[in-house]
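Spelled out from the first residue to the last, the chains are:
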Amino acid sequence: MKKVITVTIILLALFSCKNQEDEILYAENQPIPIVEQFGFKYNDFNVANDTIKSGDTFGSILDKQNLGDQKVYDIIEKVKDSFDVRIMRIGKPFTLFRSKDRKKKLQAFVYQPDRGTYYVIDFRDSVHVSKKIRPIRIKQRTIAGSLDGSLSEAIQKEGVDIALASKITKIYAWSIDFFKLKKGDKFGITFTERFIDDTIYDGVDSLKAAFFEYKGKTIYAFPFEQNEGSGKLDYFDDEGKALKNFFLKAPLKYVNITSHFTKNRFHPVQLIWKAHKGTDYAAPTGTPIMTTASGVVEQTGFTAGNGNFVKVKHDRTYSTQYLHMSKILARRGQHVNQGDIIGKVGSTGLATGPHVCYRFWKNGVQVDALKLKLPNSEPMDKRNLPRFLAQMKPLKRELDSVAHSKFKK
């Protein structure tokens, strides 16, 4: 029995060794893959990749290389008109191509200020510099999904750069309160992405079309250039109605309403029943307060009740006021654009905690901003509608088709 076991072990060992030898021979017989980048075949050089570190300069990097009789100072003088050594920044990548012999003499230096550009300083024969721009390809893509958390999370699940979420929220800022979107609400987005050399992902380029389910409605968004050649895009729904309202829905990016406009409210400080002619938005002290529309700062100042405040006149019809600021960041007579920061949240005046009381006037009368049907900023010119519809319809078909395919599963 012992002999049988011994023979079995020997056979297994021989078989194992044979397999290992076959694997080694197989690996050795495989062709070495050719790697080419920046116009150099990596196989022909000793290659070192690194990044610029604190204290590194073009000169200090060259000093560590075998350059033969070439002086670093002379090299810097030769290349200064083509390569400004001051553009080198910490964290940016560079590559050294050196000879494969034991001297490892530097043949070329490649610096990448960004993913789409690189400089080649070639030391072979004579020193010369070339700046290369990598080809960028734009690819269009359509995704559809449903919310199970934030919009950023939903977009990330689809394998898309979350920067797209920021683009979306800006476009829909006047028509959707993203804090009121519900779990299961559907969306679809057509957008373009940049790819360098066809392989390196370089992020989202532009939004082409989108839709969101919001309060039982499907709201579409399509970019359109009303004045061709102007480069100015406005966003419209599938009927050509502008998404962008004259006023933002709130003076803060993150909305938490703690008190509504009402004719009779028990004042938390004065402890009496009285009208509250504004909308209170709670937020941490120092949160930026935005003007909800463009206009001219009519008043700034302090009163015992309002605390620090700013009042903006938008036109002959509308004015807004922002109360209880910790800091005023606008001055009287200043022109402000929609979304500009005019102050910071505080609790000055009659306030029990940090918030902004947002007040709204129409024709000199204080009204509830949340119940107003506010005007659109730039309505569609009727003459442009046929051109808009021609551009919009194929994009809408693409969105609807992808969404239908996604949600029917």
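Remember, it's a predicted structure, so these values are computed and weren't measured experimentally.

What counts and what doesn't
- Residues numbered from 1 in each chain as written.
- Predicted model: local features only at pLDDT ≥ 70, side-chain atom pairs only at ≥ 80, totals over all residues.
- Heavy atoms only, no water.
- Helix = DSSP H or I, 4+ residues; strand = E, 2+ residues; numbered from the N terminus.
- Buried < 20%, exposed > 50% of the residue type's maximum accessible area, 1.4 Å probe, protein only.
- Contact = heavy atoms within 4.5 Å.
- Areas by Shrake-Rupley, 256 points an atom, 1.4 Å probe, with all protein chains shown as cover.
- Core = buried A, V, L, I, M, F, W, Y, C linked by side-chain atoms within 4.5 Å.
- Patch = residues over 30% accessible without salt bridge, like charges linked within 9 Å, V, L, I, M, F, W, Y side chains within 5 Å.
- Salt bridge = Lys/Arg side-chain N within 4 Å of Asp/Glu carboxyl O.
- Lys, Arg positive; Asp, Glu negative; His and termini not counted.
- Charge placed at Lys NZ, Arg CZ, Asp CG, Glu CD.
- Pairing = 2+ DSSP bridges.
- Arc of directions from axis to C-beta.
- Phe/Tyr/Trp six-rings, centres within 6.5 Å; stacked < 30°, edge-to-face > 60°.

Draft legend 1. The arrangement of the overall build of the chain in detail. In terms of helices and strands, the chain carries six helices and 24 strands. Among the 409 residues that make up the chain, the fraction classed as buried is 38%. Taking as baseline every contact in the chain between residues at least 6 positions apart, the subset at least 24 positions apart corresponds to 61%. In the structure as shown, the chain presents an accessible area of about 24,100 Å², 52% of it carried by carbon and sulfur atoms.

Draft legend 2. The arrangement of the environment of S130 in detail. With respect to the helices, strands and loops of the structure, S130 is situated in strand 7 (residues 128-133). Apart from residues lying up to four places away in sequence, S130 is in contact with Y118, Y119 and V120.

Draft legend 3. Local environment of the nonpolar core. By size, the foremost hydrophobic cluster in this structure holds 25 residues, and its most contacted members are L164, I168, Y172, I189 and F212. For this core, the secondary structure elements donating two or more residues are helix 4 (151-157), helix 5 (163-171), strand 9 (186-196), strand 10 (200-214) and strand 11 (217-224). If you tally residues by element for this core, the top one is strand 10, at five residues. With sequence-adjacent residues up to four places away left out, Y172 is seen in contact with F178, A210, F211, F212, I219, Y220, A221 and L243.

Draft legend 4. Broad picture of a positive patch on the surface. Together, K180, K182, K215 and K249 make up a positively charged patch on the protein surface. Tracing the chain through its elements places K215 in the loop between strand 10 and strand 11. Relative accessible area serves as the criterion here: at 63%, K215 is assigned to the exposed category.

Draft legend 5. Expanded view of the side chain of K311. Looking at where K311 falls in the secondary structure, it is placed in strand 19 (residues 307-313). Of the buried charged residues, K311 lacks a salt bridge, with E298 as the closest side chain of opposite charge at 4.2 Å. Other than its neighbours up to four places away in sequence, K311 contacts V296, V297, E298, Q299, S319, T320, Q321 and W361.

Draft legend 6. Representation of the pairing of strand 11 within the structure. The buried fraction of strand 11 amounts to six of the eight residues, a majority that puts the element mostly inside the structure. When strand 10 meets strand 11, the two strands line up antiparallel, connected through five bridges. In the sheet register, Y214 faces strand 11, and the bridge partner there is K217. Between the end of strand 10 and the start of strand 11, which pair antiparallel, lie two residues, with K215 showing a positive phi angle near 55 degrees.

Draft legend 7. The environment of L399, seen in detail. Relative to the elements of secondary structure, L399 occurs in helix 6 (residues 385-407). Taking the C-alpha atoms as reference, L399 lies 7.6 Å from A209; in sequence the two are 190 residues apart. Among all residues touching L399, those that are not within four sequence positions of it are T142, G188, I189, T190, A209, A210, F211 and Y220.

Draft legend 8. Structural view of the side chain of T279. In this fold, T279 is placed in strand 16 (residues 279-282). Overall, T279 belongs to the buried group, its relative accessible area being 2%. Leave out the neighbours within four places in its chain, and T279 touches I257, S259, F261, V356, C357, Y358, D368 and L370.

Draft legend 9. Highlighting the pattern of salt bridges. Evaluation of the coordinates by the stated rule reveals 18 salt bridges. R134 serves as the salt-bridge partner of D197, at 3.3 Å between the closest nitrogen and oxygen. Of this pair, D197 sits in the loop between strand 9 and strand 10 while R134 sits in the loop between strand 7 and strand 8 (136-146), and the two are 63 residues apart along the sequence. What makes D197 partly exposed here is its relative accessible area of 34%.

Draft legend 10. Focus on helix 5. Along helix 5, the residues that are buried comprise L164, A165, I168 and I171. In a view along the axis of helix 5, the buried residues occupy a sector of 130 degrees, so they form one face of it. If you follow the buried residues of helix 5, they end up packed against helix 4, strand 9, strand 10, strand 11 and strand 12 (234-236).

Draft legend 11. Structural view of the packing of aromatic side chains. Taken as a whole and judged by the stated rule, the model has 25 aromatic pairs. The interplanar angle of 25 degrees and the centroid separation of 5.6 Å between the aromatic rings of F94 and F109 together place this pair among those described as stacked. Here F94 is found in strand 4 (residues 93-98), whereas its partner F109 is found in strand 5 (residues 106-114), with 15 residues between them in sequence. One exposure class covers both F94 and F109, and it is buried. Ring centres of F247 and Y318 lie 5.4 Å apart, and the angle between their planes is 75 degrees; on these two criteria the pair is classed as edge-to-face. Of this pair, F247 sits in the loop between strand 12 and strand 13 (257-259) while Y318 sits in strand 20 (residues 318-328), and the two are 71 residues apart along the sequence.

Shape descriptors only; they carry no functional weight alone.
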